[in-house]
Amino acid sequence: MRRVNVAVPPPYDVTIGAGAGALAELSRVVGDRANVVVSQAAVFGAHGAALKAALGGSEPWVELVADGEDAKSFATVEGLCRTFADGGLPRGGVVVAFGGGVVGDTAGFAAAVYHRGVAVVQVPTTLLAQVDAAVGGKTAVNLPEGKNLVGAFHQPLGVVVDTSTLSTLPDAEYRSGLGEVAKYSLMPQGAAVAAVLDADLARVLARDPATLEGLVAECVEIKAAVVGADPEERTGARATLNFGHTFGHALETVAGYTHSHGEAVAVGLVFATHLARSLDRVDDAAVARTEDVLTSLGLPISVGQPEEIGLSGVGASELLDVMHRDKKASGGLTFVLPGPAGLESVDDPPASALEAAMRAVGVPASGGGG
Ligand SMILES: NC(=O)c1ccc[n+]([C@@H]2O[C@H](COP(=O)([O-])OP(=O)(O)OC[C@H]3O[C@@H](n4cnc5c(N)ncnc54)[C@H](O)[C@@H]3O)[C@@H](O)[C@H]2O)c1
């Protein structure tokens, strides 16, 4: 079992293990406080018995939320808060978020606002949530105007990870998490993640729980250090976690979320590294390494065939338009790029460098109109 401390006020531990022993940690974190489990049908169906045992064996109070990005809504959060009120969850109670990022974000946001804040424990069951979403206290819902536009920082009381829950995760969801793992491995502080991938790639792809315990722990070490340095994204340190995401988000938007977040991030990592190469921040070896890591994990390194990535008819100008629209929120067209001083935010790179990076990931200069 691995334990990683997140040094925010108040600090908390992320406990990572493989099998029932890991979930047993949950009863220590929750203690004898009243609690409600928020989950989804697929997660609770597959792993509810293990969670129930971890909480002490008696029948838990469980609320299920719907599946998919559409469930990240005010309606879901209102529904949760109303059931908390109906069921009498007290101010000192605990919300146990048992699922992927959708459960973590909605249950976390409900916990942040119910009674002006009750405790939440994150028990993530997707690879993406284990290495990323469950750690760091960001919670959010979507608006029709955009993703994650309303939310709160609400640090959990603790995070409990059982990597054996990943055995039932659909392949596409597992690949999605691997995109974030690849990102960590390519960060300047990612040597330990890269070492696990180098030594144990086959076991990672086979989802061996013990191997994943080490892999998830090394990813969480990186996220915890960054979050500890910049808990509420004020100094720019936390923004380095967006490596690969500016282009990745634009890709997701124009492709209409037809492929996994991890695949979009993978192409975004290649884009960012080529952009850094065009700006003479890195050498050809960095580009080759990025492409090798992603390929070894079965992730795309270019938009490829339109039907593969759902980019039919989309070109560089459409992607740039989307990135410029996002610019309103941040105040500049900003990319997190590798370079001699590590990952840094680079504002408004020249059009020629952007075009070269677009070409490198297979995006045509302009859309084909299809
Ligand atoms: N708060 C943050 O810091 C943060 C960071 C990254 C992403 N996110 C958010 O996370 C969300 C994506 O999360 P996700 O990728 O975990 O997807 P998800 O929560 O939608 O889960 C994917 C699917 O897998 C199912 N599932 C989950 N665990 C399972 C298991 N062990 N076995 C079988 N099925 C299982 C779920 O029911 C769901 O259908 C996005 O909304 C994103 O915005 C939040």
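Heads up: the structure comes first, above all this text.
Let us look at the structure shown here.

Procedures and definitions
- Residues numbered from 1 in each chain as written.
- Predicted model: local features only at pLDDT ≥ 70, side-chain atom pairs only at ≥ 80, totals over all residues.
- Heavy atoms only, no water.
- Axes fitted to C-alpha atoms, helices over the stretch in contact; angles between N-to-C directions.
- Helix = DSSP H or I, 4+ residues; strand = E, 2+ residues; numbered from the N terminus.
- Left-handed = near helix turned anticlockwise from the far one by under 90°.
- Contact = heavy atoms within 4.5 Å.
- Nonpolar A, V, L, I, M, F, W, Y, C, P; charged D, E, K, R; others polar.
- Core = buried A, V, L, I, M, F, W, Y, C linked by side-chain atoms within 4.5 Å.
- Buried < 20%, exposed > 50% of the residue type's maximum accessible area, 1.4 Å probe, protein only.
- Lys, Arg positive; Asp, Glu negative; His and termini not counted.
- Salt bridge = Lys/Arg side-chain N within 4 Å of Asp/Glu carboxyl O.
- Polar contact = N/O pair within 3.5 Å; in protein donor to acceptor, adjacent residues only side chain to side chain.
- Expected span 1.5 Å × (residues − 1).
- Arc of directions from axis to C-beta.
- Near = heavy atom within 4 Å.
- Areas by Shrake-Rupley, 256 points an atom, 1.4 Å probe, with all protein chains shown as cover.
- Phe/Tyr/Trp six-rings, centres within 6.5 Å; stacked < 30°, edge-to-face > 60°.
- Lys NZ or Arg CZ within 6 Å of the ring centre and 35° of its normal.
- Pairing = 2+ DSSP bridges.

## Here we look at the packing of helix α6 (residues 171–186) against helix α11 (residues 284–296)
Stage number 1. At a closest axis distance of 10 Å, the pairing of α6 and α11 adopts a crossing angle of 150°. The handedness of the crossing between α6 and α11 comes out as right-handed. Each of Ala182, Ser185 and Leu186 in α6 lies in contact with α11, whose residues at this interface are Arg289, Thr290, Val293 and Leu294.
Stage number 2. In the contact of α6 with α11, the residues fall into 4 nonpolar, 2 polar and 1 charged.

## Observations regarding the nonpolar core
Stage number 1. One finds Val14, Phe247, Phe271 and Leu319 to be the most contacted residues of the largest nonpolar core, which totals 73 residues.
Stage number 2. Non-local contacts of Phe247, meaning those with residues more than four positions away in its chain, are made with Val267, Gly268, Phe271, Leu319, Met323, Met358, Val361 and Val363.
Stage number 3. Phe84, Ala97, Val103 and Ala107 belong to the second largest nonpolar core, which has 19 residues in total.

## Structural notes on the side chain of Glu63
Stage number 1. As for its placement among the helices and strands, Glu63 is situated in strand β4 (residues 62–64).
Stage number 2. Nearest to the buried, unbridged Glu63 among oppositely charged side chains is Arg82, at 11 Å.
Stage number 3. Side-chain polar atoms of Glu63 contact the side chain of Trp61, separated by 2.8 Å.

## Structural notes on α11
Stage number 1. Between its terminal C-alpha atoms α11 stretches 18 Å, which fits the 18 Å expected from 13 residues at 1.5 Å a residue.
Stage number 2. Turning to α11, its buried residues are Val287, Thr290, Val293 and Leu294. Across the axial projection of α11, the buried residues extend over an arc of 135°, all falling on one side. For α11, exposure combined with an orientation more than 90 degrees from the buried face picks out Asp284, Ala285 and Asp292.
Stage number 3. Of the surrounding elements, those touching the buried residues of α11 are α6, α7 (191–205) and α10 (261–278).
Stage number 4. Two residues or fewer past α11, Gly298 is found with a positive phi of approximately 75°.

## Concerning the site of the ligand
Stage number 1. Within the structure, the ligand sits among 23 residues, and Gln40, Asp67, Thr125, Thr126 and Thr168 are positioned closest to it.
Stage number 2. The contact in question runs from a nitrogen atom of the ligand to an N or O atom on the side chain of Asp105, over 2.8 Å.
Stage number 3. If the ligand stood free it would expose 870 Å²; the protein chains cover 87% of that surface.

## Considerations on the environment of Ala7
Stage number 1. Structurally, Ala7 can be placed in the loop between β1 (2–6) and β2 (12–17).
Stage number 2. In sequence terms Ala7 and Pro90 are 83 residues apart; their C-alpha atoms lie 27 Å from each other.

## Description of the packing of aromatic side chains
Stage number 1. Per the stated rule, a full pass over the model turns up 5 aromatic pairs.
Stage number 2. Considering the side-chain rings of Phe84 and Tyr114, the 5.4 Å spacing of their centres and the 80° angle between planes classify their relative orientation as edge-to-face. One end of the pair, Phe84, is in helix α3 (residues 74–87); the other, Tyr114, is in the loop between α4 (101–113) and β6 (119–124), with 30 residues separating them in the sequence.
Stage number 3. Look at Phe84 and you get buried, because its relative accessible area is 0%.
Stage number 4. Residue classification places Tyr114 among the buried positions, given a relative accessible area of 9%.
Stage number 5. With a centroid separation of 4.2 Å and an interplanar angle of 10°, the aromatic rings of Phe247 and Phe271 are classed as stacked. With Phe247 in helix α9 (residues 245–254) and Phe271 in helix α10, this pair connects stretches of sequence that are 24 residues apart. Here Phe247 and Phe271 have matching classes, each one buried.
Stage number 6. A connected cluster of aromatic rings, assembled from ring pairs, spans Phe247, Phe271 and Phe335.
Stage number 7. Across the ring face of Tyr184, the terminal group of Lys183 is positioned such that the distance to the ring centre comes to 4.8 Å.
Stage number 8. Directly above the aromatic system of Tyr174 lies the positively charged group of Arg207, at a separation of 4.4 Å from the ring centroid.

## Here we look at the pairing of β1
Stage number 1. As judged from the 5 bridges shared by β1 and β2, these two strands associate in the antiparallel manner. Bridged to Val4 within β2 is Val14.
Stage number 2. Here β1 folds back onto β2 in antiparallel fashion, the turn holding 5 residues.

## Some remarks on the pairing of strand β5 (residues 94–99)
Stage number 1. Counting buried residues in β5 gives 6 out of 6 residues, a clear majority hidden from the surface.
Stage number 2. Here β5 shows a buried face lined by Val94, Val96 and Phe98 and a second buried face lined by Val95, Ala97 and Gly99.
Stage number 3. Of the strand pairs in this sheet, strand β3 (residues 35–39) and β5 are connected by 5 bridges, and their pairing is parallel. If you follow Asn35 over to β5, its bridge partner there is Val94.
Stage number 4. Sheet topology places β5 next to β6; 6 bridges connect them, and they run parallel.

## What about the pattern of salt bridges?
Opposite charge on two side chains lets them pair, provided their charged atoms get close.
Stage number 1. Evaluation of the coordinates by the stated rule reveals 20 salt bridges.
Stage number 2. Put simply, Arg3, Asp13, Glu25 and Arg28 are held in one network by salt bridges that share partners.

## Section: α4
Stage number 1. Between its first and last C-alpha, α4 extends 18 Å over 13 residues, near the 18 Å set by a 1.5 Å rise per residue.
Stage number 2. On its buried face, α4 sits against β3, α3, β5, β6, β7 (138–143) and β8 (146–153).
Stage number 3. His115 sits one or two residues past α4 and shows a positive phi near 55°.

## Some thoughts on the environment of Asp292
Stage number 1. Within the fold, Asp292 resides in helix α11.
Stage number 2. Along the sequence, Asp292 and Val226 sit 66 residues apart, while their C-alpha atoms lie 26 Å from each other.

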